[in-house]
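Inside the fold
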Amino acid sequence: MEAPIFRVRERCACVLYVLPGAALLKLITASTILPAIIYGATVVLYLAVRRRLDRRKGAFDLGRFELPVAVCALVWTLASLFILVSPAEALVPVLIVVGLLVAGGLFFAGLLLFNRPALETQPQDAAVPER
């Protein structure tokens, strides 16, 4: 019996051979746009709630440089997003990312409407399978 990880690698290798080079490049571009959006959203959320966060003694603290570092992180993220989405070839990757965000938003709305307790509780400690 072959290991499951081998089958995953085999499938990934098949996808790389089946997809034309341009399609693969579009998927790679889309996979760089989405994390930049997530990172930017995290920075914006931090900037919005940073005054309400507790300060703990002995924890890492940037002190007076906290706000400038956060603003620089936001500017860097916006610049990288602009560079990634500004070429005309980036239309398909942007549409892929928009589709993923819409699908995630619909899933979240479905949980809000039909399974609210799933959002209000944390999963129990799941048993991790041994290798």
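Below you will find a few notes about this structure.

Cut-offs applied
- Residues numbered from 1 in each chain as written.
- Predicted model: local features only at pLDDT ≥ 70, side-chain atom pairs only at ≥ 80, totals over all residues.
- Heavy atoms only, no water.
- Helix = DSSP H or I, 4+ residues; strand = E, 2+ residues; numbered from the N terminus.
- Contact = heavy atoms within 4.5 Å.
- Areas by Shrake-Rupley, 256 points an atom, 1.4 Å probe, with all protein chains shown as cover.
- Expected span 1.5 Å × (residues − 1).
- Buried < 20%, exposed > 50% of the residue type's maximum accessible area, 1.4 Å probe, protein only.
- Salt bridge = Lys/Arg side-chain N within 4 Å of Asp/Glu carboxyl O.
- Arc of directions from axis to C-beta.
- Core = buried A, V, L, I, M, F, W, Y, C linked by side-chain atoms within 4.5 Å.

1. Some remarks on the overall build of the chain
Within the chain, the regular secondary structure consists of 5 helices and 0 strands. Along the chain direction, N to C, the helices and strands of the chain fall in the order α-α-α-α-α. A separation threshold of at least 6 residues defines the contact pool for the chain, and within that pool the share at least 24 residues apart is 67%. By element, 70% of the accessible surface of the chain is carried by carbon and sulfur atoms, the whole surface being about 11200 Å².

2. Describing helix α4 (residues 91-114)
Taking 1.5 Å per residue as the helical rise, α4 with its 24 residues ought to reach 34 Å, and the 34 Å between its terminal C-alpha atoms agrees with that figure. Along α4, the residues that are buried comprise Pro-93, Val-97 and Leu-111.

3. Let's talk about the side chain of Arg-50
Position of Arg-50 among the secondary structure elements: in the loop between α2 (21-49) and α3 (66-85). On the basis of relative accessibility, which here comes to 11%, the residue Arg-50 falls in the buried class. Setting aside chain neighbours within four positions, we find Arg-50 in contact with Glu-66 and Leu-67.

4. Side note on the pattern of salt bridges
For the coordinates displayed, the defined rule picks out 2 salt bridges. Its salt-bridge partner being Arg-50, residue Glu-66 comes within 3.9 Å of it at the nearest N-O pair. Within this pair, whereas Glu-66 is found in helix α3, its partner Arg-50 is found in the loop between α2 and α3, the two being separated by 16 residues in sequence. With a relative accessible area of 8%, Glu-66 lands in the buried category. Notably, a salt bridge pairs Glu-120 with Arg-116, separated by 3.2 Å at the nearest N-O pair. Within this pair, Glu-120 and its partner Arg-116 are both found in helix α5 (residues 116-120), separated by 4 residues, close to a single helical turn. Classification of Arg-116 by relative accessible area gives partly exposed; the value is 43%.

5. Focus on α3
Relative to the 28 Å expected for 20 residues at 1.5 Å per residue, α3 spans 29 Å between its end C-alpha atoms, a close match to the ideal helical length. Considered for burial, the residues of α3 that qualify are Glu-66, Ala-70, Ala-73, Thr-77 and Leu-81. Axial view of α3: buried residues confined to an arc of 65 degrees, hence all on one face. Residues of α3 that are exposed and point more than 90 degrees away from the buried face comprise Cys-72, Val-75, Trp-76, Leu-78, Phe-82 and Ile-83.

6. What to know about the nonpolar core
Residues Ala-30, Ile-33, Ala-36, Leu-81 and Val-97 constitute the largest nonpolar core, which totals 5 residues. Top contributing element to this core by residue count: α2, with 3 residues. Not counting residues up to four positions away in its chain, the partners in contact with Leu-81 are Ile-33, Ala-36 and Ile-37.

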